[in-house]
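Take a look at the letters that make up each chain.
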Amino acid sequence: MIGKIFNNLKMSIKLTGSLALIFVIVTAMMLTGAKVRMNALRTLDASYSHYVSDIQGIGKLQYDLAKLENNLYRYIAVSTGRSKIQESIKQETDSINQMVQTYRGKKLTSEQEQYLADFDAAWSDVQRGYKEIMAFVSEGKHDEVNRLLADGGYVADAKKKAEMAIGNLKDYSMGMDQNVLKETVKGRGGWSGILWTFS
């Protein structure tokens, strides 16, 4: 019945109807594609922002650790202005503690938690050792200072362990973030990719 009615229609009407149907289909695909694209962009933006945040946060942590060590050697080398250097050391120590606490507030994997635990153990010894060194400097006990800073001393070992823990955390977190980005981009394939093209 429907077939007969369709066959009896004029060619111009058939053509117009076919074009209208194609237009409706393409429009639907474009609208759906636009939605898919926006969702994909939001996901990519969130993943990239997390990736950049990790790089910046851990990079700042590494920088402050290096700056802290530099200030300690300045404290040892100069006799004037030590109170200001000591204040800088305190500020950097507080900054590191705050950054670690902030990072710990994120959703972490068991590997990330372990790297932070490794850092905590070493960082505690670093702080204790730096305080001992400044006290020995003030007392003029340079042999004790050299003993603590020498290879094999607990301060030197703790510093290396702290740096290693942060390095491992950085490598692991960056690798994980890169995988998330790759999977997000990969997930844009198939039907979503087709809709993206039409949009």
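The notes below deal with the structure included here. (Residues numbered from 1 in each chain as written. Predicted model: local features only at pLDDT ≥ 70, side-chain atom pairs only at ≥ 80, totals over all residues. Heavy atoms only, no water.)

1. Considering the overall build of the chain
Helix and strand counts for the chain come out as 7 helices and 0 strands. Accessible surface for the chain amounts to roughly 12700 Å². Of this, 60% is attributable to carbon and sulfur atoms. (Helix = DSSP H or I, 4+ residues; strand = E, 2+ residues; numbered from the N terminus. Areas by Shrake-Rupley, 256 points an atom, 1.4 Å probe, with all protein chains shown as cover.)

2. Focus on helix 3 (residues 82–104)
Across its 23 residues, helix 3 extends 33 Å between first and last C-alpha, which sits within 8% of the 33 Å expected from 1.5 Å per residue. Considered for burial, the residues of helix 3 that qualify are Arg82, Ile85, Ile89, Glu92, Thr93, Ile96, Met99, Val100 and Tyr103. (Expected span 1.5 Å × (residues − 1). Buried < 20%, exposed > 50% of the residue type's maximum accessible area, 1.4 Å probe, protein only.)

3. A word on the packing of aromatic side chains
How two aromatic rings sit relative to each other is set out by the distance from centre to centre and by the angle between their planes. Applying the stated criterion across every chain yields a total of 2 aromatic pairs. Taking the centre distance of 5.8 Å and the plane angle of 15° together, the rings of Phe119 and Trp123 count as stacked. Highlighted residues: Phe119 and Trp123, both in helix 4 (residues 110–139), separated by 4 residues, approximately one helical turn. We note that Phe119, like Trp123, is buried. Cation over ring: Arg82 sits above Tyr75, and NZ or CZ is 5.3 Å from the ring centre. (Phe/Tyr/Trp six-rings, centres within 6.5 Å; stacked < 30°, edge-to-face > 60°. Lys NZ or Arg CZ within 6 Å of the ring centre and 35° of its normal.)

4. Topic: the nonpolar core
Ranked by internal contacts, the top residues of the largest apolar core, which has 31 residues, are Ile96, Phe119, Trp123, Tyr130 and Ile133. Elements with a contribution of two residues or more to this core: helix 2 (11–77), helix 3, helix 4, helix 5 (142–149) and helix 6 (154–186). Of all the elements, helix 4 adds the most residues to this core, at 10 residues. (Core = buried A, V, L, I, M, F, W, Y, C linked by side-chain atoms within 4.5 Å.)

5. Looking at helix 4
The end-to-end C-alpha separation of helix 4 is 44 Å, in line with the 44 Å expected for 30 residues at 1.5 Å each. Every buried residue of helix 4 is accounted for by Gln112, Leu116, Phe119, Ala122, Trp123, Val126, Gly129, Tyr130, Ile133, Met134, Phe136 and Val137. Backbone geometry just after helix 4 places Gly140 at a positive phi near 75°.

6. Notes on the packing of helix 4 against helix 5
Viewed as axis vectors pointing N to C, helix 4 and helix 5 meet at an angle of 160°, and their least axial separation amounts to 8 Å. In this view, helix 4 runs roughly antiparallel relative to helix 5, as classed from their interaxial angle. Where helix 4 crosses over helix 5, the two elements pack in a sense that is left-handed. Across the interface between the two elements, Gly129, Glu132, Ile133, Phe136 and Val137 of helix 4 pack against Glu144, Val145, Leu148 and Leu149 of helix 5. (Axes fitted to C-alpha atoms, helices over the stretch in contact; angles between N-to-C directions. Parallel < 35°, antiparallel > 145°, perpendicular 65-115°, else oblique. Left-handed = near helix turned anticlockwise from the far one by under 90°. Contact = heavy atoms within 4.5 Å.)

7. Here we look at the pattern of salt bridges
As enumerated under the stated definition, the model contains 11 salt bridges in all. Between Lys159 and Glu69 there is a salt bridge whose closest N-O contact spans 3.3 Å. With a gap of 90 residues between them, Lys159 in helix 6 and Glu69 in helix 2 connect regions that are remote in the sequence. Judged by relative accessible area, Lys159 falls into the partly exposed class, the value being 21%. Measuring nitrogen to oxygen at the nearest pair gives 3.5 Å for the salt bridge that ties Glu132 to Arg128. Within this pair, Glu132 and its partner Arg128 are both found in helix 4, separated by 4 residues, close to a single helical turn. The class of Glu132 is partly exposed, set by a relative accessible area of 27%. Overall, Arg128 belongs to the partly exposed group, its relative accessible area being 41%. A single network of salt bridges, built from pairs that share partners, joins Glu69, Lys159 and Glu163. (Salt bridge = Lys/Arg side-chain N within 4 Å of Asp/Glu carboxyl O.)

8. Points about the side chain of Asp64
Positionally, Asp64 belongs in helix 2. Of the polar contacts made by the side chain of Asp64, one reaches the side chain of Ser95; its length is 3.0 Å. Setting aside residues up to four positions removed in sequence, Asp64 forms contacts with Ser95, Ile96 and Met99. (Polar contact = N/O pair within 3.5 Å; in protein donor to acceptor, adjacent residues only side chain to side chain.)

9. Some remarks on the packing of helix 3 against helix 4
A pair of packed helices can be characterised by two numbers: the angle between their axes and the separation between those axes. Helix 4 packs onto helix 3 with a crossing angle of 170° between their chain directions and a minimal axis gap of 12 Å. On the basis of the axis angle, helix 3 is roughly antiparallel to helix 4. From helix 3, Arg82, Gln86, Ile89, Thr93, Ile96, Asn97, Val100, Tyr103 and Arg104 reach across to helix 4, where they touch Gln112, Leu116, Phe119, Asp120, Trp123, Gln127, Met134 and Val137.

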